[in-house]
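# Descriptive structure summary
Now for the letters of each chain:
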Amino acid sequence: MDMNNLKKLKIFTFALAFCLFNAPAVYANEFGISEQSYNEINARVNSMSFEELNARVSTLKAEQKSLEQNFQASGEGSGASSSRLKEIAAELSTIQKVLVAVAGLGAISALTDDGYNDDVPPVITINGSNPATVELGSAYSDAGASAFDEYHGTTAVTSSDNVDTSSVGSYTVTYTATDKDGNTATATRTVNVVDTTAPVVTVTGDNPATVELGTTYTDAGATATDASGAVTVVTTGTVDTSTVGAYTLTYTSTDASGNAGTATRTVNVTDTTAPVFTSSSTFTVDENVTAIGTVTATDLAAVTFTISNTTVMAITSDGVLTFTTAINYEDKPDIEAVEYDGSTYDFTATVTATDASSNATTQDITVKVRDVGGIDDDPDTGTGTGTGTGTGTGTGTGTSTGTGTGTATTDTGTGTGTGTGTSTGTGTGTATGTGS
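Residues numbered from 1 in each chain as written. Predicted model: local features only at pLDDT ≥ 70, side-chain atom pairs only at ≥ 80, totals over all residues. Heavy atoms only, no water.

Right, let's talk about unusual backbone geometry for a bit. Across the junction of N130 and P131, the peptide omega takes the value 10 degrees, indicating a cis bond. A cis amide bond, omega 10 degrees, links N207 with the succeeding residue P208. As for its placement among the helices and strands, P208 is situated in the loop between β8 (200–203) and β9 (209–212). Of note in the backbone geometry, N288 takes a positive phi value of approximately 65 degrees without being a glycine. Inspection of the secondary structure assignment puts N288 in the loop between β15 (282–286) and β16 (291–294). You can call N288 partly exposed: its relative accessible area is 45%. Positive phi is not limited to glycine here, since S358 has a value of about 70 degrees. Checked against the element boundaries, S358 lands in the loop between β21 (345–355) and β22 (360–370). (Helix = DSSP H or I, 4+ residues; strand = E, 2+ residues; numbered from the N terminus. Buried < 20%, exposed > 50% of the residue type's maximum accessible area, 1.4 Å probe, protein only.)

Structure representation (structure tokens):
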């Protein structure tokens, strides 16, 4: 026997032993089908004649080609199609082994060195989504792919990609599978790197911030970060430091993909400064009047005045100060017990100025009431005592009514004097004289 026939005989002997002694579970695991499915295939094949087996091979290959074309066109297939391809591969393998066993060297001569007449590449199934989407700046983990060959079963898959998650765009992952006979299949997945995340805006400085009424407000601004790179911040809103209140500043940052991030700051304009009195703390007025004067104070807000520690003075909210009753200088206690010196009669009260924010300040105010017309208050009328000559009726010394001479002390008042002269006023006096 020549070497070629000897080689074929060895192959025949191996194939026959393989069909007779290998456990069904081995084949089931090789092709990824259940043991029950493999047993059904084995029973069906063993019941066929040589002619039926050849016809069955043609039918199975036609079905296999149709399913593979669908896979190649779409890059993926349904679970049912994948399962059917595995069953077809298992049945074709079983038929070939039976043909070897029953037909001998004539069937073997048509087979390749590995026992298969294989010119069909594996079918690649892409796992997961295709196209896939990944967020800018995140890590991409590929779901991979699997491959199945009709004669060799599960086949290894390698992949290559150019996915750059630091840059928005579309990228490709390529999967390659090569069976034992050198048939190569490829499939691709599109990976879209997208940016749907808005920039993160961080407010700089105090939030809320506080500024005093009437001062200048300088904003500390905000910063922003984004996976796409450097981004700018735009500030909107105003702060009116001339009016007490709460104001809002909005910071907005928009990235290249149109995602906008915002943050806000509250700025409180407050008034903590009390009014400052600008009018004098002393007023001087004549006796017997009610008007005193106007108290004034400066503040950035409206000021209201009140008065305390007095029973004789009043003040309006606008600061107009008055006596509730006109003051007569002669009502000063014990004025007649002391020598008149022209001094004033003084009254003191506390005035409070309060602004719209309830900031308040106080001032003690003294009102000096001065005398008008002297002690007697009437320079034209007085009573005097003096010695003079008068005309009377009777003889001797008596009391008569006449004109006496006296000295007035002030413009208005009552004076008493002794002497001869002409009184500056008209009055009734007692005189000693001779009548005829």
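Our focus in this paragraph is the confidence of the model for the chain. For the chain, per-residue confidence averages 80 on the pLDDT scale, and residues scoring 70 or more make up 72% of the total. For residues 1–23, every residue scores under 50 in pLDDT, and the model assigns this stretch 22 contacts once sequence neighbours within four places are set aside. pLDDT under 50 marks residues 379–388. Its contacts with residues more than four places away, or in other chains, come to 37 contacts. (pLDDT = per-residue confidence, 0-100. Contact = heavy atoms within 4.5 Å.)

Let us look at the environment of V269. Within the secondary structure layout, V269 lies in strand β13 (residues 260–270). Put simply, V269 and A209 are 60 residues apart on the chain and 8.7 Å apart in space, counted from C-alpha to C-alpha. Those residues in contact with V269, other than ones at most four positions away along the chain, are V211, L213, V239, D240, T241, T243, V244, G245 and Y247.

Attention shifts here to helix α3 (residues 35–46). The end-to-end C-alpha distance of α3, which contains 12 residues, comes to 16 Å, matching closely the 16 Å that a straight helix rising 1.5 Å per residue would cover. Within α3, burial applies to S37, Y38, I41 and V45. Take α3 and look down its axis: the buried residues cluster within an arc of 95 degrees, on one side only. (Expected span 1.5 Å × (residues − 1). Arc of directions from axis to C-beta.)

Of all hydrophobic cores here, the largest spans 22 residues; its most connected members are I292, V295, F305, M313, L321, F323 and V367. Going through the elements one at a time, β15, β18 (303–308), β19 (313–315), β20 (320–323), β21 and β22 are the ones with two or more residues in this core. With five residues, the top contributor of residues to this core is β21. With near-sequence residues (within four places) excluded, V295 lies in contact with F277, S279, F283, F305, I315, D318, G319, L321, V351 and I365. The next biggest cluster of nonpolar side chains, apart from the first, holds 20 residues, and it includes V45, L53, L67 and L99. (Core = buried A, V, L, I, M, F, W, Y, C linked by side-chain atoms within 4.5 Å.)

Turning next to the sheet that holds β19. Strand order in the open sheet formed by three strands is β16-β20-β19, and the pairing between neighbours is antiparallel. Pairing within the sheet leaves two strands with one partner each, and these edge strands are β16 and β19. Taking the axes of each pair of neighbouring strands and ignoring which way they run, one obtains an average angle of 20 degrees across the sheet. In the sheet, β16 pairs with β20 via three bridges, with the strands oriented antiparallel. Bridge pairing links A291 to T322 in β20. (Pairing = 2+ DSSP bridges. Axes fitted to C-alpha atoms, helices over the stretch in contact; angles between N-to-C directions.)

Another aspect to go through is the pairing of β21. Of all 11 residues making up β21, eight are buried, and the element is well covered by its neighbours. As paired elements, β18 and β21 share six bridges and run antiparallel to each other. Within β21, the position partnered with S308 by the bridge is T350. With 10 bridges connecting them, β21 and β22 associate as antiparallel partners. Note that in β22 the partner of T354 across the bridge is A360. A loop of four residues connects β21 with β22, the two strands running antiparallel in sequence, and S358 in this loop sits at a positive phi of about 70 degrees.

Evaluation of the coordinates by the stated rule reveals eight salt bridges. A salt bridge links D219 to R265, with the shortest nitrogen-to-oxygen separation between them at 3.0 Å. Within this pair, whereas D219 is found in the loop between β9 and β10 (222–225), its partner R265 is found in strand β13, the two being separated by 46 residues in sequence. Within this structure, R44, R56 and E91 form a network of salt bridges that share partners. (Salt bridge = Lys/Arg side-chain N within 4 Å of Asp/Glu carboxyl O.)

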